[in-house]
Amino acid sequence: MLSSVLRSERAVQVNIAIMRAFVRLRYAHATPDDLRGRMDSIEGQLAGHAGELGKHGRLIREVFAAIRRIMEPPVEPKRRIGFLP
């Protein structure tokens, strides 16, 4: 994508890095329990550095909360039996 437009060695390397990131993201999405465990570990490490991180710590916690919301399966409404009014 990027390398087809810019046609440079650096663009090729960036394109490869992007593709590898997507592959890792797909793997992480395929194993949500592993991702949950890794996120818990990172959050535990960040808790010890809360004073040093300041505003960034709050933003990181918000990102983690958003990721956890995305990881939850969607709640589908129950189908009603019978005729609808």
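Just so we're clear, the structure is a prediction, and the values are computed from it rather than from any experiment. (Residues numbered from 1 in each chain as written. Predicted model: local features only at pLDDT ≥ 70, side-chain atom pairs only at ≥ 80, totals over all residues. Heavy atoms only, no water.)

Section: a nonpolar patch on the surface
Let me state the cut-off plainly: Residues enter patches when they are more than 30% accessible in relative terms and free of salt bridges; like-charged ones are connected within 9 Å and nonpolar ones (Val, Leu, Ile, Met, Phe, Trp, Tyr) within 5 Å. The protein chains shown are the only cover counted for residues, whose accessible areas, like all others here, come from Shrake-Rupley with a 1.4 Å probe. Here a salt bridge means any side-chain nitrogen of Lys or Arg lying within 4 Å of a carboxyl oxygen belonging to Asp or Glu. In DSSP terms, a helix is any run of H or I states spanning at least four residues, a strand is any run of E spanning at least two, and both are numbered starting from the N terminus.
A cluster of nonpolar residues, V14, I18, M19, F22 and L25, forms a patch on the protein surface that exposes about 430 Å² of accessible area. On the secondary structure map, I18 appears in helix 2 (residues 9-30).

As for helix 5 (residues 55-71)
What counts, and what does not: A helix's residues, less one, multiplied by 1.5 Å, set its expected span. Residue exposure (1.4 Å probe, protein chains only): buried if accessible area is under 20% of the type maximum, exposed if over 50%, otherwise partly exposed. Think of it as the arc spanned by the lines of direction from the helix axis to the C-beta atoms. Contact definition: two residues touch when any of their heavy atoms are within 4.5 Å.
Helix length check: helix 5 (17 residues) gives 25 Å between terminal C-alpha atoms against 24 Å at 1.5 Å per residue, within 8%. Buried residues of helix 5: G57, F64 and M71, and no others. All buried residues of helix 5 project into a common sector of 40 degrees when viewed along the axis, lining one side. With respect to the buried face of helix 5, the exposed residues turned more than 90 degrees away are K55, R69 and I70. Looking at the buried residues of helix 5, the elements they touch are helix 3 (32-47) and helix 4 (50-53).

A few points about the pattern of salt bridges
Pairing of side chains with opposite charge becomes possible as their charged atoms draw close. What the rule picks out here adds up to four salt bridges. We note a salt bridge from E43 to R68, for which the minimum N-O separation is 2.8 Å. Residue E43 is located in helix 3, and its partner R68 is located in helix 5; the two are separated by 25 residues in the primary sequence. One network of salt bridges, in which partners are shared, links D40, E43 and R68.

What to know about the packing of helix 3 against helix 5
Put simply, the rule reads: Orientation is described by lines fitted to C-alpha atoms, with helices fitted over the stretch in contact, and by angles between N-to-C directions that extend from 0 to 180 degrees. Comment on the angle field: the value is read as roughly parallel under 35 degrees, roughly antiparallel over 145, roughly perpendicular from 65 to 115, and oblique elsewhere. Each crossing gets its hand from how the near helix is turned against the far one by less than a right angle, where anticlockwise is left-handed and clockwise is right-handed.
Their axes nearest at 12 Å, the elements helix 3 and helix 5 cross at an angle of 165 degrees. Between helix 3 and helix 5, the angle is such that the two are roughly antiparallel. Crossing geometry of helix 3 relative to helix 5 is assigned as left-handed. Within the contact between the two elements, helix 3 uses P32, L35, R36, M39, D40, I42, E43 and L46 and helix 5 uses I60, F64, I67, R68 and M71.

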